[in-house]
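# Inside the fold
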Amino acid sequence: GGSRAAVAAALVAAALPWFHPKLLLLAVVGLGLTLTRPCRWTVRVACACALAVSFALLLGHFHGQFAHASLRGGFPVIKLSVSLLPRGLLAVLFDRQFGLLPIAPVFALAVPGAVSFLVRRCRAALPAALIAGLFLGLAGAFADWWGGACPPARYVLPSVPALALLLAPAMKMRPTLSAALAGIGLGVIGLAAEAPRIVHNRADGESLLLRFLAPTVDLNGLFPSFFDKGPTPVMLAAALVLAGVA
């Protein structure tokens, strides 16, 4: 709406206790999307100032908690590197323990969905693509991409709503395939509701879910484990991509 509404929205966003170093890039992306909208320069300045004040308050909070105003907060080392991204992104998507697609394969349709938006030059999908790519990239570039002893795809969760939007065109074009892939995810949820421990993995390379599904058959060998060194998991992930495309 008008300038007052935009400034009020910026102040509300700055006041909510959501700000954290891992969400700083999301805030920058959000500010960038806001600044590209048609609005007055006063609104743009107010929104930029809201982010700057939030950032300053975050550093002040860390200084009070940890005696140093640093984005590292209570963590002495941040294990984040672009060099980790190629393998880490595959791990975040395909790892048999902590990957997104083995437990929710319907999100693979976000790729053809995004292509459809691109072909139609639908700019409304750009924020979703940026947010999804941002969190997938951050998760893949983090040395501890699995997130500890936890359910799969922990660090990818903030991108799920954006990925869901990108699914829309593919689900419309392939409703039967979409229903089948979504059914796999619902089945995993049903199993996890009955036995929650089967999706709480540890970094040992063995999926408790796959072992639960087939105690006498080695289903773990069908999916890559990126805790294994060398090119084998990368090659297996590439084979899964080719099979999916086919």
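Remember, predicted model here, so these are calculated numbers, not experimental data.

The rules behind the values
- Residues numbered from 1 in each chain as written.
- Predicted model: local features only at pLDDT ≥ 70, side-chain atom pairs only at ≥ 80, totals over all residues.
- Heavy atoms only, no water.
- Axes fitted to C-alpha atoms, helices over the stretch in contact; angles between N-to-C directions.
- Helix = DSSP H or I, 4+ residues; strand = E, 2+ residues; numbered from the N terminus.
- Parallel < 35°, antiparallel > 145°, perpendicular 65-115°, else oblique.
- Contact = heavy atoms within 4.5 Å.
- Nonpolar A, V, L, I, M, F, W, Y, C, P; charged D, E, K, R; others polar.
- 1 Å grid on protein atoms, 1.4 Å probe; cavity = no way out; pocket = protein on both sides within 12 Å on 5 of 7 lines; lining within 4 Å.
- Points joined across faces, edges and corners; volume = space filled by probe spheres on them.
- Buried < 20%, exposed > 50% of the residue type's maximum accessible area, 1.4 Å probe, protein only.
- Phe/Tyr/Trp six-rings, centres within 6.5 Å; stacked < 30°, edge-to-face > 60°.
- Lys, Arg positive; Asp, Glu negative; His and termini not counted.
- Salt bridge = Lys/Arg side-chain N within 4 Å of Asp/Glu carboxyl O.
- Polar contact = N/O pair within 3.5 Å; in protein donor to acceptor, adjacent residues only side chain to side chain.
- Core = buried A, V, L, I, M, F, W, Y, C linked by side-chain atoms within 4.5 Å.
- Left-handed = near helix turned anticlockwise from the far one by under 90°.

## Some details on the packing of helix α2 (residues 24–35) against helix α3 (residues 41–66)
Look at α2 against α3: their axes get within 10 Å of each other, and the N-to-C directions meet at 170 degrees. When the axis of α2 is compared with that of α3, the two are roughly antiparallel. Each of L24, A27, V28, L31, T34 and L35 in α2 lies in contact with α3, whose residues at this interface are R44, C47, A48, L51 and F55. The residue makeup of the contact of α2 with α3, split by class, is 9 nonpolar, 1 polar and 1 charged.

## What to know about the layout of surface pockets
The calculated volume of the largest pocket comes to roughly 970 Å³. The residue inventory of the lining of the largest pocket, partitioned by class, reads 31 nonpolar, 4 polar and 1 charged.

## Re helix α4 (residues 85–94)
Residues of α4 that are buried include every one of G88, A91, V92, L93 and F94, and no others. The inward-facing, buried residues of α4 contact α6 (126–140) and α10 (232–245).

## Quick notes on the environment of F223
Within the secondary structure, F223 sits in the loop between α9 (208–213) and α10. It is 8.3 Å that separates the C-alpha atoms of F223 and L240, two residues lying 17 residues apart in sequence. Apart from the residues within four sequence positions on either side, F223 is in contact with R96, P102, L210, L236 and L240.

## Notes on the packing of aromatic side chains
Across all of its chains, the model carries 7 aromatic pairs by this definition. Pairing F142 with Y155 gives two aromatic rings, centres 5.5 Å apart and planes at 75 degrees, and the pair type is edge-to-face. You can see F142 sitting in the loop between α6 and α7 (160–173) and its partner Y155 sitting in the loop between α6 and α7, a full 13 residues away along the chain. Exposure remark for Y155: the relative accessible area of 22% places this residue in the partly exposed category.

## Quick look at empty space enclosed by the protein
Summed over the entire model, instances satisfying the criterion amount to 1 cavity of 30 Å³ or more. Roughly 30 Å³ of internal volume is contained in the largest cavity. Considering the residues around the largest cavity, the lining is formed by V92, F98, W145, W146, A153, R154, Y155 and V156.

## A short note on the side chain of D95
Looking at the element boundaries, D95 is found in the loop between α4 and α5 (110–119). Although D95 is buried, it makes no salt bridge; R96 carries the closest opposite charge, 6.3 Å away. In this structure the side chain of D95 is engaged in a polar contact, spanning 3.0 Å, whose partner is the backbone nitrogen of F98. Contact partners of D95, with chain neighbours within four places excluded, come to L90, P102, W145, P224, S225, F226 and F227.

## Here we look at the nonpolar core
Counting 36 residues, the largest nonpolar core has L100, F107, V156 and L166 as its most contacted members. Ranked by the residues each element gives to this core, the list is headed by α7, at 5 residues. V156 has contacts with V92, L100, L136 and A139, leaving out every residue within four places of it along the chain. Judged by nonpolar contacts, the second largest core, of 11 residues, contains A10, L31, V43 and L51.

## A closer look at the packing of α6 against α7
In the contact formed by α6 and α7, the axes pass within 8 Å of each other and the chain directions differ by 130 degrees. Viewed along their axes, α6 and α7 adopt a mutual orientation that is oblique. The hand of the α6/α7 crossing is left-handed. Here A128, A129, I131 and A132 of α6 come into contact with α7, specifically with A162, L163, L165 and L166.

## So, the environment of F107
Along the chain, F107 turns up in the loop between α4 and α5. Taking relative accessible area as the criterion, F107 reaches 15% and is therefore assigned buried. Sequence spacing of F107 and L242 is 135 residues, and the spatial spacing of their C-alpha atoms is 16 Å. Among all residues touching F107, those that are not within four sequence positions of it are L100, L101, V160, L163, A164 and L167.

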